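Descriptive analysis of the structure
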Amino acid sequence: MIVAERKPLDEIIGMVRPFKNILILGCGTCVTVCNVGGEREVSLLDAALRVAITKGMLEEKVISQYTVKRQCDKEFLTSLLGKAEEIDAILSLACGVGVQVLADTFSDIPCIPGVNTIFMGAQPEMGVWDERCIGCGDCRLFETLGICPLSRCAKGILNGPCGGSKNGKCEANKDVDCAWLLIYDRLERHGQLEKMRQYYPPRDYGRLRRPKRVTIL
Amino acid sequence: MNGARSQRLKTIDRTLMPPCQEACPLNQDIREYVDLIAQGRIMEALKVIRDKNPFPSICAYVCPHKCEEKCRRGKVDMPVAIRALKRFAVEFGGDQMVRTETENVYEERVAIIGSGPAGLSCAYYLRVLGYPVTIFEAHREPGGMLRVGIPEFRLPKRMLDMEIERLTLMGIEIRTNTPITSLDLLFEKGYKAIFVTVGAQEGRKLGIEGEDTPYVMDGISFLREINLGMKVRIGDRVVVVGGGGVAMDCALSSLRLGAKHVEIVCLEKEEEMPAGKDEVQICKDEGINIRNGFGVKKVLREGNKVKGLELIKCLSVFDENRRFNPKFDESALSYVDADMVIFAVGQMPRIPEDFHLEVGRGGTIKVDPVTLTTNRKGVFAGGDAVTGPASVVEALSTGKKAAKRIDDYLRHRYPFEERSEKEPLSSEMSQKTIEMIRKISRHEPPLKPRDERVKRFEAFELVYNWETAIDEAKRCLRCGMGAEIFERDKCASCLTCLRVCPYHVPYLNEKGDVEIPPSDCVACGICVSECPARAIFLRKPSDRRQIETELYELKNSIPQKGWPLIVGFCCQYGLFGTGSLSSFYRHPKTGIHIIPVLCIGKIEVEHMIRPFELNAQGVFIAGCGEKQCARDNTEIFARRKAEKAKEIISYLGFEKERIEVFSSTEKDMEKRLDQFIEKISEMMLSRMLKEGR
């Protein structure tokens, strides 16, 4: 799932300043799940901007709010077409994908990102998100038994561990488990430790070339 | 998604019928009034009670409270003391001042024979509908069994008098000392419909040897004589035979009349006794010995005096079809000494033959169970005369039903059985939820000390004080009022509800959808305030909108000049439960606006920020405190949200200290609150100085 975080409020205030009529647009999928862009956050941001107006940090504005199921498909955005005429800017709380589809759909209206999209990840505990995939296009999770060294190792090395692994923790961040130690433990549990001796040739970096496009039939 | 449709959906009442309401013959909104009592809104609670109960002050004393038996709190610890809470609402809500306005709408006069609870209730509802009603009572004073069958210590006569006076003020005519012998005469006099509710006033006897000895009485005559103020002779050693409420009343009355030793003999085992558990307990507390599992073979006499009873062991009371069919062990004889015996083994009605009504088993009038019609046109019957001895609340319920059926008859309508629109809460609470619910012991209504109460025929049960009543009402689990995923299409299946629920109620079903079973949810509202998609709502519309409405009111209120506006979200349950906040609420300090919330777990981050838009200088949240909260850890959720709110206001140029969370049971709560207010004032002052410069 795509994970995003809230943009600092002062940055948002700075971006919306020139516009009079603003629509805050939430997205009902990934950013709702990570609690930064769902209906609740839309309404919270609305309240916060209104306080900013009262405080004189912003000039008088017309703020409206709406949440669509998904902003990354323009079909969901068509319901906004009628309203778009009066709007000066859309403050989108969707991930970067959503903001771009929105901007393409309403090419005459400035679209402002309200969140920072950061990674694809999972929630190990309530309210905490960890990166789990970098979208490298060359998945090797079979060899590592479901632990991705590219997203979970600070160095992203394919033949680990490096010399910096200490007490099972990473030298770059002592709060983070060493991904290669996790791989080692899991291989041991599955009786496949010989895979540790195997050499992994360098990855196909050609697949990381951007912009990526894929055709799926 | 957030258009007019969802606005409309938000106003729909989606609550389910709780088991207590289902069990009540009058179908009273018990959960609603208990919740209102918990919030300290006693007048409103009484209004809810009055809505479906014509005589709440009578029920407050003598209702056999079937609702408490069904109360699901009983599975957790003990049921909520619903009857005692009603008594509290009646006494503190000013029931005595309530007057029901009525006027004559229809011309058809209705006669009611008998002024017992069924008759009074029927008269009340017919009068509300606009019929001229006359009640005929054979005795000197109206009230039927309420007056002659229930001792003063259970139902003070002044309560009954008050209710009857209210009826006469409504324009109901009550003719006492008027026994009716013929129904034809009433029809001739112009009454268009008659409701026969003559009760079951004839005490049954067992038909055993020695029953006709002096000092052997039947229970109902015994109580009647006491209640009518006659001089009743009492023995030293009294034995009451029977296991029902009348038997208990006879035993307690005997003690109060001066009997030295009172004993109860009954067929049933203790758990089978028809009398209420609390009634039995009171008898035991007053030193009355109860012999369970014995039948009476004969009354032993010495000359013309009672000497005692010969008892036989009772093996079983009911047969396999749950019918009354006692089996005895004739060989196991035992004896009990007595110089007076009271048989309280049931009553039966005596229907005058000239009524020409068809009489069935046990001398009761035969009626159609739906329409309450008898074999005679225009004659309806109900109450004990139809069902045999039953409780007051059941009589009130038939009275109400009779009023509707008589109305249908007189208006030539098809009698439709009324059905509640609310779906009953069907399934049981899961064990997991039961374990997670905080155990809080039941507050029994206080009783007068034993030595004091056995001497007089005075009501011995006292009323709760405010604090206990609110604590008791807070124990209600608010069954069927909980959260629901209201707008399925919004749910992103983020599982936040599943993770935040303190009671482990939401779960993922086989299809991968989140479900919140209504039978488990206790309506704490935490998932509602956390759901990022805002797909979850509480089932009761007023619960959903309450904070918004209050904030709207604040917006429209006139700001206090010169004082910093401080908004306090205070737990409504705690507001009245603790002294510190209640004084604060009633005399708001200038510039402080209190928004009562039903548990601080329901406050959302947005609510904490919105007051700043209305120029508030500070916001505080005061919960009812860990100790008196009916739940565990609600404050943690409020504190977490407050942290987020602080973060947001810090971006808006406010100091983080402007938001604070208290709990009202903290010892120095008032001091801390004063400090907070002082701090906010200082901040405002320094800001004004800065801006002035």
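Residues numbered from 1 in each chain as written. Chains lettered and ligands numbered in written order. Predicted model: local features only at pLDDT ≥ 70, side-chain atom pairs only at ≥ 80, totals over all residues.

Let's talk about the sheet that holds strand 22 (residues 618-623) of chain B
All names here are of chain B. Keep this limit in mind: Strands were regarded as paired on the criterion that DSSP finds at least two bridges between them. A run of H or I in DSSP counts as a helix once it spans at least four residues, and a run of E counts as a strand once it spans at least two, with each numbered from the N terminus. Each axis is a line fitted through C-alpha atoms, taken for helices only over the stretch in contact, and angles between the N-to-C directions span 0 to 180 degrees. Our contact criterion uses C-beta atoms placed from the backbone: two residues qualify when those atoms are within 7 Å.
Read from one edge of the open sheet, four strands run 21-20-22-23, paired in parallel fashion. The two strands at the open ends of the sheet, each matched to only one other strand, are strand 21 (592-597) and strand 23 (659-663). Within the sheet, the average angular offset between the axes of one strand and its neighbour, ignoring direction, is 20°. Across five bridges, strand 20 (residues 566-571) lies against strand 22 in parallel orientation. If you follow Ile566 over to strand 22, its bridge partner there is Gly618. Its contacts with the sheet place helix 27 (residues 634-651) against strand 22 and strand 23, and it is angled at close to 165° to strand 23.

Observations concerning the interface of chain A and chain B
Between chain A and chain B, the contact holds 26 residues from the first and 21 residues from the second. Breaking the side of chain A that touches chain B down by element, the ones donating at least two residues are helix 1 (9-16), helix 2 (30-33), helix 3 (39-54) and strand 3 (62-68) of chain A. With eleven residues, helix 3 of chain A is the single largest residue contributor to the side of chain A that touches chain B.

With respect to the nonpolar core
To keep things clear, this is the line we draw: What makes a nonpolar core is a set of buried Ala, Val, Leu, Ile, Met, Phe, Trp, Tyr and Cys residues, with links drawn between C-beta atoms within 7 Å. With C-beta atoms placed from the backbone, the exposure class of a residue follows from how many other C-beta atoms lie within 10 Å of its own: 20 or more, buried; 12 or fewer, exposed; in between, partly exposed.
Counting residues in hydrophobic clusters, the biggest one holds 246 residues, and the most contacted among them are Ile37, Val240, Ala251, Val341 and Ile342 of chain B. Not counting residues within four places of it along the chain, the set of residues in contact with Val341 of chain B comprises Tyr215, Val216, Val239, Val241, Val299, Val306 and Leu309 of chain B. Membership of the second largest hydrophobic core comes to eight residues, among which are Ile147, Cys170, Ile183 and Tyr184 of chain A.

Description of the confidence of the model for chain A
Selection rule: For every residue, the predictor reports its confidence as pLDDT, a number between 0 and 100.
Residues at a pLDDT of 70 or more form 100% of chain A, whose mean pLDDT is 91. Across chain A, element-level confidence peaks in strand 5 (residues 111-113) of chain A with a mean pLDDT of 96 and bottoms out in helix 4 (residues 74-77) of chain A with 91.

A closer look at helix 3 (residues 30-38) of chain B
Residue and element names in this part refer to chain B. Helix 3 sits mainly inside the fold: nine of its nine residues count as buried. Residues Ile30, Arg31, Glu32, Tyr33, Val34, Asp35, Leu36, Ile37 and Ala38 constitute the buried set of helix 3. Gly40 sits one or two residues past helix 3 and shows a positive phi near 80°.

Things to note about the confidence of the model for chain B
Confidence in the prediction of chain B, expressed as mean pLDDT, is 87, and 95% of residues score 70 or more. Confidence estimates for the predicted assembly give a pTM of 0.87 and an ipTM of 0.89.

So, unusual backbone geometry
Cis geometry marks the peptide bond from Gly160 of chain A to Pro161 of chain A; its omega dihedral reads -5°. Residue placement: Pro161 of chain A occurs in the loop between helix 6 (149-152) and helix 7 (179-189). Positive phi, close to 50°, is recorded for His356 of chain B, a residue that is not glycine. When you line up the elements, His356 of chain B lands in the loop between strand 14 (347-348) and strand 15 (379-381). Positive phi is not limited to glycine here, since Arg534 of chain B has a value of about 55°. Looking at where Arg534 of chain B falls in the secondary structure, it is placed in the loop between helix 22 (526-530) and strand 19 (536-538).

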